[in-house]
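Spelled out, the chains give:
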Amino acid sequence: MNQILAFAILGLGSGAIAAGLAIGIVTTAGSTGAVNFGYAAMVMWAPFVFDELTKTGRLVLPVGTIDIGPTSVMTALVLGVAVAVVVSLATYWLVFRPLRRTSVLAQTVASIGVLLCMQAWVALRFGTDPRVVGNVLPNEPLAIGSVVVPRDRLFLALAVVVLGMLVAAYFHFTKAGLATRAASQDEVGVQLAGLSPSRLNALVWVIAGFAGGLILILAAPTRSLTPTSYTLMIVPAMAVALLARFRSITVACLGGLALGVVQSLLTYTSTQTWWPKWAAAGMVDAAPFILVVVALAINGRHLPGRGEGASSAMPPVSRDSLGGRATALLTMMFLVALMVSGGSLRFAVITTMIMAIMSLSLVVITGFVGQISLAPVALAGVAGFVLSAVERRTALRFPVSPIVAIAAAAAVGFLVSLPALRIRGTQLAIVTLAGAVTAEQFVFRNPQLSPPAGNLISNPRLFGIDLGIRSGSSLARIQFGLLVLVLLVASLLGVRFLIRSSFGATLLAIRSDERAAASVGIHVARTKMAAFTISAALAGLAGVLIGYSRGQLSADSFTVFAGLSVLTFTFLGGITSIEGAVFAGVLAPLGLAYFAASRFLHLGENYQLVAGLALVVSVLANPEGMSAQNRLLASRIKTRLSRGTGQVGTSDA
Amino acid sequence: MHSGGASLAVDALSVRYGAAAAVRGVSLSVSPGEVVGLLGPNGAGKSSTLKGIMGIAPVASGEVRLGTVEISGATVAARVKAGLGLVREGRGVFGRLSVAENLRVCARDQSPMSIDAVLAMLPALEPLRSRRAMLLSGGEQQMLSLAKALVSGPSVLLIDELSLGLAPILTARLMATVRSMATELGLGVLLVEQHVNLALGILDRAYVLRRGELVAEPPIAELRADPASLRQYYLG
């Protein structure tokens, strides 16, 4: 019994983090309407600045460093929080304020750009080695019966409750707070009251920066500090914020603490003998996902109606993109690229093609149906791991085993579509993000489900021909490149056929207005399920190919960050067009642009920062996505080319 | 309300939405204590004129002065501080906030009208102080909308469709309130109203707007005597 109590108290540490961050998310979402996936990454400057100051006396700012010598804990705390506040305010002013009237997709994508930027930026400034942060709160041991727990967890919980009460009081009892709530519904009305909505919102982002920065510094001693782990604290916090319907500070506060306690108790029970071994690892990371599902079940009725979908101001879809001639040209280009290249460059060409298939999966689900999904990489991972398991346990080989794997991914995609029937926009992004984390921690990194020897995958063979990527000293064989090319072209043509069919028309109808689509007899639920399944199958295909291209599968190919970056690059490439997927493949990590950037610009370790910045800037410059620009560029190139060969320009651009 | 009561002068105001000109070169004035009607058929540009004066519609050209202060380029908030107020079409209330909270957001320290003073003028709102605005009836919301504009202490109040969706009896009551506020407090009012018959009773003067341009300034007495005569201005 004492042990259970001790674990519950220990859980208040991560609970306080989830609660504190959820309060920040609710604060900004309730005012500016932006759900900020980059929030945790944004305010994690605070613990890093704090830690560096207390240990070395150097004040490391986002830009520049000031040596201020030995610093008291209190000074370091104030400076750390101040940096988080400034970063938060700057993010609002530079990113979210200009985007406040754009689509949910644009805001979500921008916030993911913020996440990637901040994570890379903090890593550049402070390194990625885990840090042990010193205590601010009193930390004498507290004996509960025979068990001893650190006292700071109780103070942390208290701090987060006080913080929540202060923030709630601001919104309910001050004129500025009331006006902020009013502005979230009616910006003009607040202007007519003689107030500036921008200034009110800026104040809210200051509060969010303060709350998040403070809680992360106070709670940092309970968890080792790395840029990646603190960035991902957004996941449980988002789950809690969703439970709070992005409105209730009370639910955010108590829900966060409860989640931490439950996670800690799960850790405790998973050490018990009766607990199934396969569920021992990753249970803690699965908890937020379960919470999200529960939250949706409870709040389903109150979530945004289907009239107010993510589709507002989505870029137009070209149903006539990438016609026969363009596809032939593209095929030729890849073919030539495969033939003239070798070694790591050819590997980059192959990766580009695989990532184009992956992005195509997002083009279908997000571009055509308007559902923001962060799951494709996780679905690809499912396919990869199923492929490995099938080959390990059965006699099935290529081409049957990958088909089984792709079918498995499609089946999971079908399951993902079930919650998506009720939710849309940001909520779906949260569900799929939490699902992706669960898949990574619970499946891909679970030693019980993935053998310690690694997930070996044999080379694909067809009619006695080795289509594998490696053989002897050759690391990027053209045979595999050709296999990928064939599959890419088939996928491109398949998706083109899809969007030009009447089924494609129903997808677009749902994207623009679900209710209107239903009113003309479109079966919205069935169509969405079909689209999710198709999208998942494409992701599965990409996952299988990633498996073959690596020879051995590791969870590192299918991390949550990989999933975020696929959405990033697909948005940059043009999420509503088929050729956008090809652009996305070129931009993706290990693709051609990445190859060029690391080879010629030596951007390697900064690639994520540059990509994140590019994403934010491109969303700001063009909230409807880059597809229009890219399409224009593509049509110009094509006209130029066809003129060169003496042909008249084609109609399909 | 604003000490002394300033008069509103609009000179050659034009409002454009993209290529479409909604208001073309409208000039008008409102003196303290005066209730001025802005009449005209649907789509004449009445609401756009008010929005242009207030700065929430894109103004292409023209000048707006309140007293001696030129406010043409000012932000909406600055215009409110200068003493201009707008009661929007369609009950602009903050639904999730209570009546008292709605008024608190709009109240300004410099305003000569306290929340209590405004509620004294609109006594029907008094017992509803703690009720959420979204739960009020249409008439109550319209009253709250008026009260919100009043607590910011305007010297000139622009009112867009006070009667929209209300029973005639309620509209008449609100009109009477507006009239008495203008007379007793020296508040200038520019009133856009579809229900001309209800409005005529409280107007001192009227402008007629058609296709974005001012076409007439008919004498009120004449309109009261024969409301149907207005039709000739509408049809041109």
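Residues numbered from 1 in each chain as written. Chains lettered and ligands numbered in written order. Predicted model: local features only at pLDDT ≥ 70, side-chain atom pairs only at ≥ 80, totals over all residues. Heavy atoms only, no water.

**Quick word on the overall build of chain B**
Per the secondary structure count, chain B includes nine helices and 10 strands. In terms of overall dimensions, chain B is globule-like: its C-alpha atoms have a radius of gyration of 17 Å, near the 18 Å expected for 236 residues. Across its three principal directions, the C-alpha atoms of chain B cover 50 × 40 × 35 Å. When burial is assessed residue by residue, chain B has 52% of its 236 residues classed as buried. Counting contacts in chain B only where the partners sit at least 6 residues apart, residues at least 24 apart contribute 70% of the total. (Helix = DSSP H or I, 4+ residues; strand = E, 2+ residues; numbered from the N terminus. Rg over C-alpha atoms; globule rule 2.2 N^0.38 Å. Buried < 20%, exposed > 50% of the residue type's maximum accessible area, 1.4 Å probe, protein only. Contact = heavy atoms within 4.5 Å.)

**What about the domain arrangement of chain A?**
Residues and elements named next belong to chain A. Domain boundaries in chain A define domain 1 (2-262) and domain 2 (330-621). The straight-line distance from the C-alpha centre of domain 1 to that of domain 2 is 33 Å. Listed as interface residues are 30 residues of domain 1 and, on the opposing side, 29 residues of domain 2. Across the domain 1 to domain 2 interface the summed buried area is about 2,500 Å²; carbon plus sulfur atoms make up 88%. Interface area lost by domain 1 to domain 2 is led by Leu-105, Val-109 and Leu-116, which between them contribute 22%. For the pair domain 1 and domain 2, the interface holds zero salt bridges. Counting across the domain 1 and domain 2 interface gives zero residue pairs in polar contact (both at pLDDT 80 or more). (Domains from an automatic or database assignment. Buried area = accessible area lost by both parts, 1.4 Å probe. Salt bridge = Lys/Arg side-chain N within 4 Å of Asp/Glu carboxyl O. Polar contact = N/O pair within 3.5 Å; in protein donor to acceptor, adjacent residues only side chain to side chain.)

**Quick look at the interface of chain A and chain B**
Across the boundary between the two partners, chain A contributes 20 residues, which contact 18 residues of chain B. Surface buried jointly by chain A and chain B totals about 1,700 Å² across both partners, of which 58% is contributed by carbon and sulfur atoms. Considering only the side of chain A, the residues that lose the most area to chain B are Lys175(A), Gln185(A) and Leu192(A), jointly responsible for 33% of the buried surface there. The tally of links from chain A across to chain B stands at one salt bridge. One salt bridge connects Asp186(A) with Arg88(B), and the closest N-O pair in it is separated by 2.5 Å.

**Side note on the pattern of salt bridges**
Taken as a whole and assessed by the stated rule, the structure comprises 17 salt bridges over all chains. Among the salt bridges present, the one from Arg131(A) reaches Glu52(A), with a minimum N-O distance of 2.9 Å. Here the residue Arg131(A) occupies a position in the loop between α5 (104-126) and β3 (141-144), and Glu52(A) occupies one in helix α3 (residues 45-56), the gap between them amounting to 79 residues. Classification of Arg131(A) by relative accessible area gives buried; the value is 13%. The shortest N-O distance in the salt bridge between Glu34(B) and Arg205(B) comes to 2.5 Å. Pair noted here: Glu34(B) is in the loop between β2 (20-30) and β3 (35-39) and Arg205(B) is in strand β9 (residues 205-210), with a separation of 171 residues, a long-range link.

**Overview of the sheet that holds strand β7 (residues 156-160) of chain B**
The strands making up a sheet associate through hydrogen bonds between their backbones, and the pairing can be parallel or antiparallel. Residue and element names in this part refer to chain B. The strand order across the open sheet built from six strands is β6-β7-β8-β3-β9-β10, with neighbouring strands paired in mixed fashion. The open sheet has two edge strands with one neighbour each: β6 (84-87) and β10 (213-216). Direction aside, neighbouring strands of the sheet carry axes that sit 25 degrees apart on average. Direction of pairing for β7 relative to strand β8 (residues 188-192): parallel, over a ladder of five bridges. Bridged to Leu-158 within β8 is Leu-190. (Pairing = 2+ DSSP bridges. Axes fitted to C-alpha atoms, helices over the stretch in contact; angles between N-to-C directions.)

**Some remarks on the pairing of β8(B)**
All names here are of chain B. Burial analysis of β8 places five of its five residues in the buried class, which makes it a mostly covered element. Side chains Gly-188, Leu-190 and Val-192 of β8 all project onto a buried face; the interleaved residues Val-189 and Leu-191 project onto the opposite face, where all are buried too. With four bridges connecting them, β3 and β8 associate as parallel partners. Opposite Val-36, over in β8, you have Leu-190 as the bridge partner. The parallel pair β7 and β8, bridged by helix α6 (residues 168-185), forms a crossover whose chirality is right-handed. (Right-handed = clockwise from strand over helix to strand, strands pointing away.)

**So, the pairing of strand β4 (residues 59-66) of chain B**
All names here are of chain B. Alignment of strand β1 (residues 8-17) against β4, held across six bridges, turns out to be antiparallel. Residue Val-10 lies in a different strand from β4, and its bridge partner there is Val-64. The pairing of β4 with strand β5 (residues 69-70) spans two bridges and is classified as antiparallel. Along β5, the bridge assignment pairs Leu-66 with Val-69. Hairpin remark: β4 followed by β5, antiparallel, with two residues in the connecting loop; positive phi at Gly-67, about 65 degrees.

**Quick word on the packing of aromatic side chains**
A full pass over the atoms with the stated rule returns 11 aromatic pairs over all chains. Seen in terms of ring centroids, Phe7(A) and Tyr268(A) are 5.0 Å apart; in terms of plane orientation they differ by 45 degrees. Their pairing is tilted. Highlighted residues: Phe7(A) in helix α1 (residues 2-32) and Tyr268(A) in helix α12 (residues 249-269), separated in sequence by 261 residues. Residue Phe7(A) is classed as partly exposed on the basis of its relative accessible area, which comes to 22%. The ring of Trp93(A) has Arg97(A) sitting right over it, with the charged end atom 4.5 Å from the ring centre. Of note, Lys148(B) hangs over the ring of Phe94(B), and the distance from its end group to the ring centre comes to 4.0 Å. (Phe/Tyr/Trp six-rings, centres within 6.5 Å; stacked < 30°, edge-to-face > 60°. Lys NZ or Arg CZ within 6 Å of the ring centre and 35° of its normal.)

**A few points about the packing of helix α4 (residues 73-96) of chain A against α5(A)**
Pairs of packed helices are described in terms of their axes, by the angle between the two and the distance that separates them. Residue and element names in this part refer to chain A. Viewed as axis vectors pointing N to C, α4 and α5 meet at an angle of 140 degrees, and their least axial separation amounts to 12 Å. Taken as axis vectors, α4 and α5 run oblique relative to one another. Handedness of the crossing formed by α4 with α5: right-handed. Together, Val-87, Thr-91, Val-95 and Phe-96 of α4 and Gln-107, Ala-110, Ser-111, Val-114 and Met-118 of α5 make up the contact between the two elements. For the contact of α4 with α5, the per-class residue count stands at six nonpolar, three polar and no charged. (Parallel < 35°, antiparallel > 145°, perpendicular 65-115°, else oblique. Left-handed = near helix turned anticlockwise from the far one by under 90°. Nonpolar A, V, L, I, M, F, W, Y, C, P; charged D, E, K, R; others polar.)

**As for the environment of Gln608(A)**
Residues and elements named next belong to chain A. As for its placement among the helices and strands, Gln-608 is situated in helix α26 (residues 607-621). Spatially, the C-alpha atoms of Gln-608 and Val-240 are 28 Å apart, while their sequence positions differ by 368 residues. In this structure, Gln-608 is in contact with Leu-116, Gln-119 and Ala-120, ignoring residues within four places of it in sequence.

**A few points about the environment of Phe246(A)**
Residues and elements named next belong to chain A. Relative to the assigned elements, Phe-246 resides in the loop between α11 (234-243) and α12. For the pair Phe-246 and Gly-24, spaced 222 residues apart in sequence, the C-alpha separation works out to 9.9 Å. Leaving out residues up to four positions away in the same chain, Phe-246 has contacts with Ile-25, Val-26, Ala-29, Gly-30, Val-35, Met-238, Ala-241, Gln-427 and Ile-430.

**Brief notes about the confidence of the model for chain A**
Residue and element names in this part refer to chain A. Residues of chain A with pLDDT of at least 70 account for 91%, and the chain-wide mean is 84. Mean pLDDT in chain A bottoms out at helix α27 (residues 627-644), which sits at 60, and peaks at helix α2 (residues 39-43), which reaches 96. Overall, residues 304-311 carries pLDDT values under 50, and its contacts beyond four positions in sequence, including any with other chains, amount to 15 contacts. Note on residues 645-653: pLDDT under 50 across the span, and 17 contacts to partners over four residues away in sequence or across chains. (pLDDT = per-residue confidence, 0-100.)

**Observations concerning a nonpolar patch on the surface**
Residue and element names in this part refer to chain A. On the surface, Phe-155, Leu-158, Val-162 and Leu-166 cluster together into a nonpolar patch covering about 360 Å² of accessible area. Looking at the secondary structure, you find Val-162 in helix α6 (residues 152-173). With a relative accessible area of 41%, Val-162 lands in the partly exposed category. (Patch = residues over 30% accessible without salt bridge, like charges linked within 9 Å, V, L, I, M, F, W, Y side chains within 5 Å. Areas by Shrake-Rupley, 256 points an atom, 1.4 Å probe, with all protein chains shown as cover.)

**A few points about the sheet that holds β1(B)**
Taken in spatial order, the four strands of this open sheet run β2-β1-β4-β5 (chain B), and their pairing is antiparallel. Looking along the sheet, the strands with just one partner apiece sit at the ends: β2 and β5 of chain B.

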